[in-house]
Protein chains: 2
Amino acid sequence: MVLGQPIVGGNAHNVTGRTFQVCDRRTGEVLPGEFVVADTQLTEHAVHVAVRAFRKLRWYDGPTRANLLRAIGRQLEAIRPEIVARAVAESGLPEARVQGELTRTIGQATMFANLVETDGWKDSRHVSALPDRTPPRPDIQFEHRPLGPVVVFGASNFPLAFSVAGGDTISALAAGCPVIAKAHPAHPGTSELAGRAIHDAVKECGLPEGTFSLLFDDGYAVGAQLVQSSGVRAVGFTGSRKGGVALMSLIAEREYPIPFFGEMSSINPSIVMPSVVANRGTAFAEAVYASCTLGVGQFCTNPGVFFVVGDTTEIVGRLKVLMEGGTPGVMLTEGIGETYVKGFADLASVNGVEAIVTPTVAGAPGLARTNCVVFRSEANAQDEIFGPSTLIVECLALREALECLRTLDGQLTASVHGNPSEVTQEIRFALEEVAGRIIFNQFPTGVEVCEAMVHGGPYPATSDGRSTSVGTAAIYRWVRPIAAQNWPA
Amino acid sequence: MVLGQPIVGGNAHNVTGRTFQVCDRRTGEVLPGEFVVADTQLTEHAVHVAVRAFRKLRWYDGPTRANLLRAIGRQLEAIRPEIVARAVAESGLPEARVQGELTRTIGQATMFANLVETDGWKDSRHVSALPDRTPPRPDIQFEHRPLGPVVVFGASNFPLAFSVAGGDTISALAAGCPVIAKAHPAHPGTSELAGRAIHDAVKECGLPEGTFSLLFDDGYAVGAQLVQSSGVRAVGFTGSRKGGVALMSLIAEREYPIPFFGEMSSINPSIVMPSVVANRGTAFAEAVYASCTLGVGQFCTNPGVFFVVGDTTEIVGRLKVLMEGGTPGVMLTEGIGETYVKGFADLASVNGVEAIVTPTVAGAPGLARTNCVVFRSEANAQDEIFGPSTLIVECLALREALECLRTLDGQLTASVHGNPSEVTQEIRFALEEVAGRIIFNQFPTGVEVCEAMVHGGPYPATSDGRSTSVGTAAIYRWVRPIAAQNWPA
């Protein structure tokens with residue numbers, strides 16, 4: 001049951017104050033729950049109890065933290081019907097997709113439980129004493145230890161896997177850091193259910209109050225206060241470039257600098273080599289359509305631009321038919337829908353950009369085409385359009401495609417489609433320079449949760465491209481190395 | 001021979017412009033060399049050639065980079081008499097110390113050569129394809145790859161080991177990043193000699209122009225331009241808190257955020273347990289004296305404060321005799337000497353602080369005493385005093401010492417002296433919370449260069465406590481992970 005109450009200090013409070021509500025994305029009906037916006041005092045209290053909890057939490061061993069993560073998984077599984085129904089209503093995403101996302105979210109918790117059950121992730125190093133050397137060498141033991149309280153902002157497009165119980169929260173708890181989650185205002189009910197699952201797991205495991213807190217706000221005040229609070233040691237965020245840049249600026253004003261891991265925007269460029277154009281244009285167009293419209297195009301990894309080396313007639317022709325026949329999907333929020341339609345219109349208004357299929361309503365597919373010269377000179381053509389559209393850039397030669405790629409900002413992914421013999425070292429370098437994940441003959445949508453994944457990339461894909469938000473390496477966001485010298489056993 | 005010429009684009013240029021000179025710290029005589037201050041054009045050119053070099057450099061394999069590092073070591077060894085003499089003259093440090101520092105600098109290059117000769121450091125991960133799974137799992141290969149051009153600021157107190165050919169430069173080159181070094185204005189001749197050694201090694205190995213550049217400036221313009229230049233991908237700095245904070249602010253203004261690894265200030269607190277006071281006060285005081293006055297107290301790891309649990313009469317008594325008998329050493333620069341004398345006077349002026357031995361000239365030892373209440377309430381008592389002084393804080397109980405420790409900013413090191421049975425988990429936590437290296441019954445001066453070392457710590461010890469500037473783990477400052485999905489062999 002959704003209560004609208006924040007969770008602070010290990011207890012669901014009974015607080016009052018300004019509230020907000022949300023509607024069912026499919027019907028417009030108001031959903032149960034009046035969500036109390038945290039005031040400055042409650043927000044500061046959440047940080048205070050997290051700082052206090054950290055003093056204990058950092059001493060718990062890996063198996064204890066693994067138990068917590070498994071308990072979170074069990075608690076989430078126990079409320080599957082309720083949380084899936086609420087997430088479907090709040091996001092408008094299809095039920096099958098949300099079911100899969102919950103399974104993935106629980107899988108993430110299990111993966112990190114397995115990771116911290118043993119100490120391999122700590123990169124432990126030991127240099128033993130050499131007392132007879134001149135000068136004597138001391139005994140030194142190195143390992144990674146948790147940073148301290150972490151603030152996590154939930155994302156709109158993954159109400160489960162990148163939100164309250166998502167990758168940032170799970171990897172931070174795995175590292176031994178308390179978490180203060182700020183619920184995304186588009187799905188506060190889903191957030192509350194996930195937050196209470198974590199709260200119950202913390203209680204079940206007997207971990208300190210303040211290991212986890214959850215706050216609501218339909219504005220920006222709570223988030224701003226959290227990232228500037230002196231007790232906070234790191235921030236994880238997945239959202240818009242505008243929101244991420246605003247948080248970066250607030251964090252840059254802090255006296256005590258902290259890492260900010262903000263995933264912000266990516267158009268996920270692909271190079272399409274001549275062999276594809278020559279031999280399999282129609283099949284390729286069908287695969288492009290499937291990837292671009294998956295989840296109504298609302299993935300950070302949506303392929304937003306294809307640099308096609310050669311004639312685009314066949315690919316564009318097939319895509320046009322598919323997109324014109326596509327049914328408009330429900331988008332995550334009204335605002336996202338409006339921004340999508342406007343974003344495509346802005347792109348189509350660029351001199352030299354041809355609108356092939358124009359989305360007139362939110363969630364309808366969109367297709368545009370231009371050439372290399374226009375693409376390189378028009379910043380508008382390089383902006384992310386969050387939704388089911390893509391841009392085909394016709395290039396006369398690979399050199400043109402690489403020049404387009406080099407004008408781009410940082411990306412989460414960069415792909416090439418072609419024969420293995422076409423993929424030169426120059427292409428690999430160009431892809432690596434711009435992105436965190438490079439892909440051959442596959443599409444960027446679908447991020448495998450595993451130890452080798454990198455979901456991150458140079459700015460503005462993320463604010464700090466030296467880490468990943470998906471996969472076990474995400475734990476290194478929340479730790480720092482400590483050396484113990486000559487320490488007694 | 002010192003020419004005063006910057007090194008840009010792999011060649012020593014013949015540039016003109018404003019110049020500056022330096023004096024022998026021991027005699028005041030002007031030393032050879034008129035160092036040309038880089039103008040904005042030359043500075044931007046240095047970044048430009050570094051960006052170009054990176055396109056090639058990142059593709060060289062580990063053994064090629066290892067060859068470069070070994071060649072740098074050989075080139076430095078070949079100019080040992082000249083560079084040691086120049087560093088002694090520019091820094092006023094004793095010859096034996098500078099000889100040792102050069103050996104350490106060459107040793108660092110060898111250590112990183114050994115590290116990158118094989119690929120173990122890359123944390124390579126491989127998840128193989130499962131084509132029959134639903135959905136199919138792709139093949140994914142993960143490894144760390146270089147970030148791009150790195151700017152390194154030389155430190156005043158280590159003209160070799162933390163400067164032009166120091167740890168930041170060597171670890172960045174090891175990672176595959178080009179380096180633009182900004183020479184410290186106190187030792188430009190030493191910097192030039194080290195820079196030419198690197199330049200010659202780059203040529204010897206046939207690596208691209210722009211792999212390494214060196215610029216001079218006796219002001220701040222070159223450094224400011226470098227850290228704000230769009231082509232730069234990371235910055236390493238060792239110096240004052242004022243200088244480091246100024247660079248942090250400049251870097252925070254960038255549109256494209258980059259990591260800044262600034263080592264800034266540390267007073268390296270120690271807790272002295274009752275068993276030391278009771279059983280070995282005099283011997284302990286002698287060890288404190290040796291550590292505090294080593295290198296005229298000009299180490300980042302100088303022990304600046306001791307929280308003594310118990311009566312301090314014996315320790316202070318012995319320290320007083322030793323410090324009064326100490327000879328003033330030559331300090332690195334006139335400014336550092338003046339700041340030292342003034343810093344101690346500021347401390348002594350605090351109500352409740354007793355000056356036991358007052359340094360009236362630069363480089364003379366200093367000793368002060370206070371109690372826990374004064375220490376906790378006076379921010380002045382917590383400032384770093386760079387030089388051979390220390391502060392004894394008398395505490396009635398361990399609880400008081402821990403309270404003092406908890407009021408401190410972040411530190412490079414934190415120590416405890418006592419019996420193993422006295423070292424509780426509470427003490428370990430308090431030390432870990434504040435520092436990057438925790439030490440039992442040894443002194444923080446003397447930083448072992450090895451794979452387990454952490455030389456770093458929470459702000460303001462460093463601007464980013466999630467890394468180390470000493471030891472092989474320093475390479476992770478300059479890399480980011482990349483995943484290659486379904487990539488052809």
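The structure reproduced in this document is the subject of the present report. (Residues numbered from 1 in each chain as written. Chains lettered and ligands numbered in written order. Predicted model: local features only at pLDDT ≥ 70, side-chain atom pairs only at ≥ 80, totals over all residues. Heavy atoms only, no water.)

Turning our eyes to something else, we now look at helix H6 (residues 188-204) of chain B. Taking 1.5 Å per residue as the helical rise, H6(B) with its 17 residues ought to reach 24 Å, and the 24 Å between its terminal C-alpha atoms agrees with that figure. Counting buried residues along H6(B), 14 of its 17 residues qualify, which places the element largely inside the surrounding structure. (Helix = DSSP H or I, 4+ residues; strand = E, 2+ residues; numbered from the N terminus. Expected span 1.5 Å × (residues − 1). Buried < 20%, exposed > 50% of the residue type's maximum accessible area, 1.4 Å probe, protein only.)

We now examine the interface of chain B and chain A. One frequently used descriptor of interface size is the decrease in accessible area upon assembly of the parts. Each side of the interface is counted separately: chain B has 68 residues, and chain A has 67 residues. Between chain B and chain A the total buried area reaches about 6200 Å² when both faces are included, carbon and sulfur atoms providing 58% of it. On inspection of chain B and its partner chain A, the count reaches 12 salt bridges. Between A:Glu255 and B:Arg241 there is a salt bridge; the shortest N-O distance is 3.4 Å. Connecting chain B to chain A are 34 residue pairs in polar contact (both at pLDDT 80 or more). Among the elements of the structure, strand E5 (125-127), strand E6 (140-146), helix H8 (241-252), helix H15 (425-434), strand E18 (435-440) and strand E19 (479-485) of chain B are those that each provide at least two residues to the side of chain B that touches chain A. Counted by class, the side of chain B that touches chain A contains 38 nonpolar, 11 polar and 19 charged residues. In this sheet, E18(B) lies alongside strand E19 (residues 479-485) of chain A in parallel orientation, the contact comprising three bridges. (Contact = heavy atoms within 4.5 Å. Buried area = accessible area lost by both parts, 1.4 Å probe. Salt bridge = Lys/Arg side-chain N within 4 Å of Asp/Glu carboxyl O. Polar contact = N/O pair within 3.5 Å; in protein donor to acceptor, adjacent residues only side chain to side chain. Nonpolar A, V, L, I, M, F, W, Y, C, P; charged D, E, K, R; others polar. Pairing = 2+ DSSP bridges.)

This part takes up the packing of aromatic side chains. Under the criterion given, the structure shown has 29 aromatic pairs over all chains. When the ring of A:Tyr459 is compared with that of B:Tyr256, the centres are 5.7 Å apart and the planes differ by 65°; the resulting orientation is edge-to-face. On the criterion of chain membership, the pair formed by A:Tyr459 in the loop between strand E18 (435-440) and E19 and B:Tyr256 in the loop between H8 and strand E11 (260-263) is interchain, its members lying in two chains. Accessibility expressed as a relative area gives 6% for A:Tyr459, which makes it buried. Exposure remark for B:Tyr256: the relative accessible area of 22% places this residue in the partly exposed category. The lysine or arginine in question, A:Arg97, covers the ring of A:Phe158, its NZ or CZ lying 4.6 Å from the ring centre. Sitting over the ring of B:Tyr256, B:Arg233 keeps its end group 4.0 Å from the ring centre. (Phe/Tyr/Trp six-rings, centres within 6.5 Å; stacked < 30°, edge-to-face > 60°. Lys NZ or Arg CZ within 6 Å of the ring centre and 35° of its normal.)

Residues and elements named next belong to chain B. In this fold, Gly304 is placed in the loop between helix H10 (281-293) and strand E13 (305-309). Relative accessible area serves as the criterion here: at 23%, Gly304 is assigned to the partly exposed category. Separated by 169 residues in sequence, Gly304 and Ala473 have C-alpha atoms that sit 27 Å apart. Apart from the residues lying within four places of it in its own chain, the contact partners of Gly304 are Ile267, Asn268, Ser389, Thr390 and Leu391.

Turning to helix H14 (residues 398-406) of chain B, a few remarks are in order. Of the positions making up H14(B), those classed as buried are B:Glu400, B:Ala401, B:Leu402, B:Cys404 and B:Leu405. Residues of H14(B) that are buried sit in contact with strand E12 (269-272), E13, helix H13 (372-377), strand E16 (389-395) and H15 of chain B.

We now examine the pattern of salt bridges. Counting across every chain of the model gives 58 salt bridges over all chains. Among the salt bridges present, the one from A:Asp24 reaches A:Arg26, with a minimum N-O distance of 2.9 Å. Judged by relative accessible area, A:Asp24 falls into the buried class, the value being 9%. A relative accessible area of 48% means that A:Arg26 is categorised as partly exposed. By sharing partners, the salt bridges in this structure join A:Arg58, A:Asp119, A:Lys122, A:Glu143, A:Arg145, B:Arg428 and B:Glu432 into a single network.

What follows concerns the side chain of A:Thr293. Residues and elements named next belong to chain A. Take Thr293: it is sitting in helix H10 (residues 281-293). At 2.7 Å, the side chain of Thr293 and the backbone oxygen of Tyr289 are in polar contact. Excluding anything up to four places from it in sequence, Thr293 contacts Pro365 and Pro388.

Residues and elements named next belong to chain A. Across the seven residues of strand E16 (residues 389-395), six count as buried, placing the element largely inside the fold. Of the pairings in the sheet, the one linking strand E15 (residues 366-371) to E16 comprises six bridges and is parallel in character. Residue pairing across strands places Gly366 opposite Ser389, the latter belonging to E16. Traced from E15 through helix H13 (residues 372-377) to E16, the parallel crossover comes out right-handed. (Right-handed = clockwise from strand over helix to strand, strands pointing away.)

Time to look at the side chain of B:Ser463. Mapped onto the secondary structure, B:Ser463 falls in the loop between E18 and E19. Only 2.7 Å separates the side chain of B:Ser463 from the backbone oxygen of B:Phe260, close enough to count as a polar contact. Setting aside residues up to four positions removed in sequence, B:Ser463 forms contacts with A:Pro257, B:Met248, B:Phe260, B:Phe261, B:Gly262 and B:Met264.

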